[in-house]
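# Structural overview
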Amino acid sequence: MDQTKAASVSPADERIHHRACNLCEAICGLEIRVRGNEILSIRPDDADPLSQGHICPKAVALKDLYEDPDRLRQPIRRTESGWEPMEWEAAFDLVADRLCGIVEKHGPDAVANYLGNPTVHNYGGLTHGPRFLGTIRTKNRFSATSVDQLPHQLLAYWMYGHQLLVPIADIDRCDYLLVLGANPMASNGSLMTVPAFPKRLKALQARGGKLVLLDPRRTETAEVADEHLFIRPGTDAAFLAALLKIIDRDNLARPGRLSGFEDGLEVAMADIGALDLDALSAHCGIDIPTIERIARAFASAPRAAAYGRMGVSTQVRGTLCQWLIQLLNIVTGNLDREGGALFTQPAVDLIDNPTSKPGSFGRWKSRVRGLPEFGGELPVAALAEEILTEGEGQVRALITMAGNPVLSTPNGAQLDRALDALDFMVSIDFYLNETTRHADVILPPTCTLEHDHYDLIFHAFAVRNTARYSAPLFERPADARHDWEIFEALGDRIAARLGSKRTPHPRPDQVVDMGLQIGPYGGMRKHPMKLSLAALKAAPHGVDLGALEPSLPQRLQTPGKFILCAPPAMIAELADFAKEIRGVASESGLSLIGRRHVRSNNSWMHNSQRLVKGPVRNRLLMHPGDLAARGLRDGAKVRVASRVGAVEVEVEASDAMMPGVVSLPHGWGHDRAGTRIGIAEAHAGVSPNDLTDDQYLDAVCGNAALNGVPVTVAAA
Ligand SMILES: Nc1nc2c(c(=O)[nH]1)N[C@H]1C(S)=C(S)[C@@H](COP(=O)(O)OP(=O)(O)OC[C@H]3O[C@@H](n4cnc5c(=O)[nH]c(N)nc54)[C@H](O)[C@@H]3O)O[C@H]1N2
Ligand SMILES: Nc1nc2c(c(=O)[nH]1)N[C@H]1C(S)=C(S)[C@@H](COP(=O)(O)OP(=O)(O)OC[C@H]3O[C@@H](n4cnc5c(=O)[nH]c(N)nc54)[C@H](O)[C@@H]3O)O[C@H]1N2
Ligand code: SF4
Ligand SMILES: [Mo]
C-alpha cells in the first residue's frame, strides 16, 4: 500500500455515496465507501425500495472500471505509427469535417451508426444521442435492438400502440410464472427489471406459487424452478400455440377486466385452433399430456404470467413467440391484472409525454436485402453488406457509440472485415476494443462514476414503480467530456456545416427534471408527491411509488383504445409456421444457443480479474452423449463450424445440455489483432458470433436469430 497516500488522507475523509448501478437492467442500489479518490468498498444499498439489498459481482468491478489505466481518458487517432492522443477541439473538428465531407459527396445515407447496449444505461446517451445522430439524416441507423428485444417493441407497437408498452410480469404477486428462454439467476432479468430475483422467487414459492421454465439448458434458473422442461431451440412457438389451442379447446379462457377491448382475439384464436396438436407437440418435442397439464395450471392459477426473453426473443420465430406470449396472458385474463402482466407507471413517462415516439415499421427498407425499418433503425445483420456492396447509397462511414458489434452481431467476422473498407469511422467509447480498433478517432466519455444518472428506460420495465437519481461520485478530470457533451460538440459542428436546424437543448438533468414534473407523480399533474429532480436529490436511496397497477384501457395508445390482438403480419407468420410444422423436421445436426454468466457483462469488463476470476467460462457445453457420438472427450479442443465460419474452443461435457444442443456464451473473442488489452490470455475466448449467421433471421422483422443456429462439432 502507498504509505504517503494513506498518511495524507485521514479516515475523516471517508464518505459514503449511494447510487444506482447502471451496468445492467436490474438498476440495483449501491452503497460505495470512498476515501479521496479511492473506492474502499461497494456494497448493496439495503434501503433501495426496488433492489432491497441485492447486488451482483459486476457492481464490485466498477472499482476496476474507474481505476483502469487502460480506460481511455483522452481522444486518440489512428496513425501509420500507432494511436496518438489528440486535443478535444481538434478531434471534434476532424470528426465533423470528415463526416460532413462524406455526406456532401455521397449523401447522408453514406454515414451509418451503431448504438450499443450501454447507450440505454446512460441517460445522456438517450437525451442527446438521437439529437446528435439526427443532424445527419441517414436511413442507415443500427443498434443492439435488432440482436435483442426488437420483437417485444414491435409487438408492443402493434398490439398496444407504443413500442415501450411492454407488459411486465408481476413477480411479487403472481402464483404461476411461466418463463421461456430467460435465465434471470445469471442475467438479473431483462425487460423485467427484477433485482433480487432469488429473493422474489423464494417469496413466490413460499406463497405456494410456481416457476415453470422452458430452456434447452438446465440453467441456474432451472435449478431453482419448480419445473424445468427441455425444449428444442427455435420451437417455442409450437409449445405456446399448443397451450393456446388447449385453452381454447377446453374452454379454459377467462375474460379479463378488459373484455370488449380486445380486437381480433377470435380471429387469432381461430387460426391457432386450426393447428394440429400432434404436429405442434412433435415439433417442440414436448408430449401432449405435459402441455395439457401446463395449460390447465396456467389458466386456473389465480394470478399467472408468461414471460419470454433472449432464448425466445432472438430466434427464427422470435416475433411469433412474443405474440403468442401476449395472447396467453390475454386469453387467461392475466393482462392488466395484479399478479399477471401489467404496464408500469414510471416517474418519467416516455409514453404519455410530448416527445413520445410510439414506433414505426417498414417506412423504408435496407438497400441491399430489403430488411424493414423499425423505430427509425434497420436490422444490424445488414450493416456489413451495406458497407461491402458497392453502388448508390453505400455506407462509407460509421459512428459507433457504446458498442462492440464485431463481437455482438451475427457474422461478426464479416463485419470485422467490412469495417476495414470504410473511408472513415469514429467511436465514442472509453475502450479500445474489437470494434473501436477500426476507428480513425476514438472519443472517450467520462466513466459512469463521474457523471450523474437517472434511469429513463429500466424504471419503465421494472416489477415495481420506483424512481432514483444518482449524483456523480467523483468529479470528472478537468479535461474530460460526458457522452452528451461529445454529442453536442459534434452535433453543433455538423449542423452548422450541413445547414441542419438546431435549437438549444437542456442538459440531461434538466430534461429529467422536466420529465419528473410533468410526469404522473409530478407537481404539474398536481400529484401530492410533487416529484422533481430536487425531490429525488433529497431521497438518495430512491423513492417507492408502489406496486404495478391495472391501467387499461386508458394507458393503451391504439386508436379507440383497443388491444389489437391480430396484427396482419402475425396472422401471416402463423400461416407460414403452420406450413413449417407440417414439414419433416431435419433433426440430424446440432443447434447452437447462447448463455450469460453473472461474472461477465456482454462484450466488456473481461479485463477485471476481480470479475472474471474462477474457471474459464468461454467453453462449449455439450451433452456427453453427443460428445461420445463424435468420439470426443471432455476438455478436448473442438472445431465448431456453421455456414459462415468456424471457431476452435474447449468443450465441456454437461448433462445440463439437451442432447443435440450446444451452448457458447457471447461477448468473448478478444483474440483479434491488438485488442486483448488487459485481458488474460485464458479469458480471450472465442465469439459465437463468428458462427451466427447474418442471413439467419426472424423473417418478420429482421431480428437476429442468435439461438438455434445449425452447427457441426468435430475434433480440432
Ligand atoms: N450470440 C449472441 N450475441 C449477442 C447476444 C447473445 O445473447 N448471443 N446478446 C445480444 C444483446 S442482448 C446485446 S444487448 C448486445 C450487446 O452488445 P453491444 O451493443 O456491442 O454492447 P456491449 O457489448 O455492452 O458494448 C460495450 C461497449 O460499450 C462501452 N461503454 C460502456 N459504457 C459506456 C458509456 O457510458 N458510454 C460509452 N460511450 N461507451 C460505453 C464499453 O467500453 C464497450 O466497448 O449483444 C448481443 N449479442
Ligand atoms: N451477468 C450478466 N447479466 C446480464 C448480461 C450479461 O452479459 N451478463 N446481459 C444483459 C443483457 S444485454 C440482456 S439482453 C439480458 C438477457 O437476459 P436473459 O434472456 O435472462 O439471459 P440469457 O442468459 O441470454 O438467457 C437466455 C436463455 O435462453 C435459452 N435459450 C436459448 N435458445 C432457446 C430457445 O430456442 N428456446 C428457449 N425456450 N430457450 C432458449 C438459453 O439457454 C438461456 O438460458 O441479460 C442482461 N444481464
Ligand atoms: S445485477 Fe446488474 S444492476 Fe445489479 S449490481 Fe449487478 S450489474 Fe449492477
Ligand atoms: Mo441486451
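Notes on the structure in this doc start here. Just so we're clear, the structure is a prediction, and the values are computed from it rather than from any experiment.

Turning our eyes to something else, we now look at the sheet that holds strand E11 (residues 227-229). Working definition: the strands of a sheet are paired by backbone hydrogen bonds and lie parallel or antiparallel to each other. Judged by pairing direction, the sheet is parallel, and its four strands sit side by side in the order E11-E10-E9-E13 without closing on themselves. Lying at the two open borders of the sheet, with one neighbouring strand each, are E11 and strand E13 (304-308). With direction set aside, neighbouring strand axes in the sheet form an average angle of 15°. Of the pairings in the sheet, the one linking strand E9 (residues 176-180) to strand E10 (residues 210-214) comprises five bridges and is parallel in character. Residue pairing across strands places Leu178 opposite Val212, the latter belonging to E10. In the packing of helix H15 (residues 318-331) onto the sheet, contacts are made with E9 and E13, and the angle to E13 comes to roughly 175°.

Okay, the packing of aromatic side chains next. For the structure shown, the criterion picks out 10 aromatic pairs. Ring geometry for Tyr176 against Phe298: centres 5.9 Å apart, planes inclined by 90°, an arrangement best described as edge-to-face. With Tyr176 in strand E9 and Phe298 in helix H13 (residues 288-300), this residue pair connects regions lying 122 residues apart in the sequence. Residue Phe298 is classed as buried on the basis of its relative accessible area of 1%. With a centroid separation of 5.7 Å and an interplanar angle of 80°, the aromatic rings of Phe430 and Tyr431 are classed as edge-to-face. Exposure remark for Phe430: the relative accessible area of 13% places this residue in the buried category. Note on Tyr431: relative accessible area 12%, which makes it buried. What links up through ring pairs into an aromatic cluster is the set Phe430, Tyr431 and Trp604.

Our next topic: the site of ligand 1. Around ligand 1 sit 29 residues, and of these Tyr114, Asn404, Ser408, Asp429 and Ser603 come closest. Asn117 is positioned such that a nitrogen or oxygen atom in its backbone is 2.9 Å from an oxygen atom of ligand 1. In this structure, Ser603 approaches ligand 1 through a side-chain N or O atom, which is 2.6 Å from an oxygen atom. Its free accessible area being 920 Å², ligand 1 has 96% of it covered by the protein chains. Among the residues forming the shell around ligand 1, the class breakdown is 14 nonpolar, 11 polar and four charged.

The subject of this paragraph is the site of ligand 2. In the vicinity of ligand 2 lie 33 residues, with Asp215, Asp236, Arg596, Ser600 and Asn602 positioned nearest. Within the contact set of ligand 2, an oxygen atom lies 3.5 Å away from a backbone nitrogen or oxygen of Gly311. The protein chains hide 98% of the 920 Å² of surface that ligand 2 would expose on its own. Only helix H7 (184-187) and helix H14 (310-313) provide two or more residues apiece to the shell around ligand 2.

What counts and how
- Residue positions are counted from 1 within each chain, in the order its sequence is given.
- Chain letters start at A and ligand numbers start at 1, both assigned in the order the entries are written.
- A pLDDT threshold of at least 70 governs which residues receive local features in this predicted model, and a stricter bar of 80 or more applies before side-chain atom pairs are shown or counted, although totals over entire chains, interfaces and linings include all residues.
- Heavy atoms throughout the structure, all of them, feed into the side-chain values; hydrogens and water do not.
- Between any two strands, pairing holds if DSSP finds at least two bridges.
- In this description a helix means any DSSP run of H or I spanning at least four residues, a strand means any run of E spanning at least two, and both kinds are numbered starting from the N terminus.
- Lines fitted to C-alpha atoms define the axes here, with helix axes fitted over just the stretch in contact, and angles between the N-to-C directions of these axes take values from 0 to 180 degrees.
- We call two residues contacting when some pair of their heavy atoms lies within 4.5 Å.
- Ring pairs are drawn from Phe, Tyr and Trp, using the six-membered ring of Trp, whenever the two centres fall within 6.5 Å, and their geometry is named by plane angle: stacked under 30 degrees, edge-to-face over 60, tilted for the rest.
- We call a residue buried when its accessible area falls under 20% of the maximum for its residue type, exposed when it is over 50%, and partly exposed in between, using a 1.4 Å probe and counting protein chains only.
- We call a residue near a molecule or strand whenever a single non-hydrogen atom of that residue lies within 4 Å of it.
- Pairing of N or O atoms within 3.5 Å defines a polar contact, subject to two protein rules: one partner must be a possible hydrogen donor and the other a possible acceptor, and residues neighboring in sequence count only if both atoms are side-chain atoms.
- To be clear on the numbers: accessible area is Shrake-Rupley with a 1.4 Å probe, and residue cover counts the displayed protein chains and nothing else.
- Nonpolar residues are Ala, Val, Leu, Ile, Met, Phe, Trp, Tyr, Cys and Pro. Charged residues are Asp, Glu, Lys and Arg, and all others, Gly as well, are polar.

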